[in-house]
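Architecture at a glance
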Amino acid sequence: MLGAATLRDLAGAIRNGGIASADLVNDALAAAAAGEGPRAFTRVYATAARASARAADAERRAGRAPPPLSGIPISIKDSFDVAHEVTSAGSIALRLCGAPRRDAAVVARLRRAGAAIVGRSNMSELGVSGLGLNPHHGTPRNPFDRGAGRIPGGSSSGAAVSVSDGMAAAAVCSDTGGSARVPAALCGLVGFKPTAGRIPRDGMIPLAPSYDTVGVLAPSVDCCALLDAVLADAPAARPAPLPLQGLVLGVPGTLLLEALDRSVATAFQRALAALSAAGAVIVERPLPALGAIDYMGISGGIVAAEAYRRHGPLLARHVSLFDAETLAVLRTGAEVSALEYLRLRRRRSRAAAALEHALRRYDCLLMPTAPVIAPALHSVAGGGVQAALMNARLLRNPSLVNFLGWCALTLPCHAPGEAPVGLTVAARHGCDAMLLAVGAAMETCLASAVREAWAHHRLRWSGAARLARGNAVVRRRRLVRRIPLPKLSTRRAVAPERVRRGARGRGRAPMRETSKPNRSAVDLHARLDAMPVSELARVRAKAQLERAEYVAELVARAVSAARALLREAIVRPIRLALARIHP
């Protein structure tokens, strides 16, 4: 019954008597007892969930107005306190700690909203990894290509699988560096990270308090909006889609678009084309500040230091109970002195202010949530350098939002049958309502684009369609070659005409092409033909100067990318390896 049903649809069906809450919860519990359920949950609350469902059905029969989540099965991450029960956060070491006396703030609000909490969802130990692996409770497999076995993403691995497999209608989790959005993107769901501090974190096992937020996972933007409203104790109004016409969307071209899988790059470009066709202004520009501030290094130092401060005493007493990857992160945090920690906090504040200033002209930011599709489980299960590199790649883009303290949504943008790919749209601090409204509009726009892509996929092997496509590509490439560098088109161009170097030589399609002739380029050539010789010489000199500036910018970008690659491929794995070898 759950599947892709929205929370409002389920609430309406329960309220009108179309569905009994008891049946809904029984179906969820049956799914949790089979398949990936034993690995998706660390504990299942069958008795309590059925009691909540019976209470919801009794209220409906009595004619009383039900709360917004009455009788709907919801999963909670294993990092939230439940009264008189030890919170383990995916670790067997934390089972030695005492039990809390009351529920976490978000759990209490879920109960007041009538939710039937079906269980605690599995997670990476202490939430330190974006892969979603857990050696103590097992790792649930991604719903895509389940036979081969792929990672679910983390740290909220069980939360994503509980929703994708019908064990819960939605999930409440945490997000420190992408913990909600990475598994949502890899499993084809919608994930929402609110503005830092908007939802209380009382009763949540922290990883890094200066980055931790409470996030949600669900099948749709409207589901995320409803669940977020309950957790924030705000009115549960349906977000009205905000028109995309004239919305200025920035695509930072430094670091965030590097080393994309072909599947991710294709889906991302298709999403940008769909949003641009809907009237949004897509502005792709290099952002050198991203490569200069080394935000991953800053957040890594702060996160590790704060994690060690919280879990260091337990580590000293029970080191053998922790996973090797968790140990490496905690020991890295032990090396950060108090003076170094304060210095990192100051650097973060200054760098975040500089980034916000550089991004001030955009209404929202767009980027791929993860630069790769979900890798095979066996490729990272052994840990080591390969797992560390993949973890850094998965957390690279979503960590920027936590670094800034902004809010962000990840939306599915892949076609049916393709590996799940997420599109991140991020907005400034406190713009959660606006972001959800934009996300609702983008969700509809992307769904339409995906349907068109699927229809095109079904027809592409016909001879006429193949010939028409080839002719159209030839015409577009000829037009691109006619456009001079630097491009003199307006900021409102459908898409930047720049193509990545080397794409043609290897037979790959350009990363970005216009779907129809660029009128600004045609008008430009007409003006050049009618221009006097002296004026033409001046324009050409100016173009050559701008071309030199553009090339210099490309060189700076290449240097920044090389530095980032060096950090991900050499420096961080060596530090982690040394931390494991020399405790």
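1. Some remarks on the nonpolar core
- By size, the foremost hydrophobic cluster in this structure holds 91 residues, and its most contacted members are L7, L69, L110, L275 and L366.
- Sorting elements by how many residues they give to this core places helix α17 (residues 432–459) first, with nine residues.

2. Side note on the environment of D363
- If you trace the backbone, D363 turns up in the loop between α13 (338–358) and β9 (364–368).
- In the structure, D363 is positioned 63 residues away from A426 in sequence and 8.9 Å away in space, judged by C-alpha atoms.
- Among the polar contacts made by the side chain of D363, one reaches the main-chain amide nitrogen of V248 at a distance of 2.8 Å.

3. Focus on the sheet that holds strand β7 (residues 248–252)
- Reading across from one edge, β1-β3-β2-β4-β6-β5-β10-β11-β9-β7-β8 is the order of the 11 strands in this open sheet, with mixed pairing throughout. The sheet is open, and its two borders are formed by β1 (41–44) and β8 (281–285), each paired with just one other strand. Direction aside, the axes of adjacent strands within the sheet are offset by 25° on average.
- Here β7 pairs with β8 via five bridges, running parallel. What sits directly across from G250, in β8, is V283.

4. Focus on the side chain of S75
- You can see S75 is positioned in strand β2 (residues 73–77).
- On the basis of relative accessible area, S75 is assigned to the buried category, the value being 0%.
- A polar contact is formed between the side chain of S75 and the side chain of S162, at a distance of 3.1 Å.
- Once residues lying within four places of it in the same chain are set aside, the contact partners of S75 are F41, V118, G119, A159, S162, A168, A170, A171 and V172.

5. Describing the confidence of the model for the protein
- Within the protein, residue pLDDT values average 84, and 79% of them lie at 70 or more.
- Low pLDDT, under 50, characterises residues 459–469; the stretch is placed with five contacts to residues that sit more than four places away or in other chains.
- Per-residue pLDDT stays below 50 along residues 471–522; that stretch engages in 71 contacts with residues further than four places along the chain or on separate chains.

6. A short note on the pairing of strand β11 (residues 422–427)
- The element β11 is extensively covered by neighbouring structure, given that six of its six residues are classed as buried.
- Burial along β11 is two-sided: the face carrying G422, T424 and A426 and the face carrying L423, V425 and A427 are both buried.
- As judged from the six bridges shared by strand β10 (residues 407–412) and β11, these two strands associate in the antiparallel manner. Bridging from a neighbouring strand, L409 pairs with V425 of β11.

7. Examining the packing of aromatic side chains
- Evaluated as defined, the whole model comprises zero aromatic pairs.
- Across from the ring centre of Y211, 3.9 Å away, lies the NZ or CZ of R348, which sits over that ring.

8. Structural notes on the environment of V44
- Secondary-structure assignment places V44 in strand β1.
- Judged by relative accessible area, which is 38%, V44 ranks as partly exposed.
- Separated by 15 residues in the primary sequence, V44 and L29 have C-alpha atoms spaced 8.1 Å apart.
- If we ignore the near neighbours within four places in the chain, the residues touching V44 are L29, V118 and G119.

Cut-offs applied
Residue numbers restart at each chain and count upward from 1, following the sequence in its written direction. Totals for whole chains, interfaces and linings use all residues, but because this is a predicted model, local features are given only for residues with pLDDT of at least 70 and pairs of side-chain atoms are given and counted only at 80 or more. Values reported for side chains reflect all heavy atoms of the structure, with hydrogen atoms and water molecules removed beforehand. Take the buried residues of types Ala, Val, Leu, Ile, Met, Phe, Trp, Tyr and Cys, join any two whose side-chain atoms come within 4.5 Å, and each joined set is a nonpolar core. We call a residue buried when its accessible area falls under 20% of the maximum for its residue type, exposed when it is over 50%, and partly exposed in between, using a 1.4 Å probe and counting protein chains only. Per the convention used, a helix needs a DSSP run of H or I reaching at least four residues, while a strand needs a run of E reaching at least two, with both numbered from the N terminus. Between N or O atoms, a polar contact is any pair within 3.5 Å; within protein, one atom must be a potential hydrogen donor and the other a potential acceptor, and residues adjacent in sequence are included only when both atoms are from side chains. Between any two strands, at least two bridges found by DSSP are needed for them to pair. Note on geometry: axes are C-alpha line fits, over the in-contact stretch for helices, and angles between N-to-C directions span 0 to 180 degrees. Note on contacts: a residue pair is in contact if any heavy atoms of the two residues lie within 4.5 Å. Across the chain, each position has a pLDDT score giving the predictor's confidence in that residue, from 0 to 100. Pairs were defined over the aromatic rings of Phe, Tyr and Trp, the Trp ring being its six-membered one, requiring ring centres within 6.5 Å. Orientation was assigned from the angle between planes: stacked under 30 degrees, edge-to-face over 60, tilted for the rest. Cation placement over rings: the criterion is NZ of Lys or CZ of Arg within 6 Å of the ring centroid and within 35° of the ring normal.

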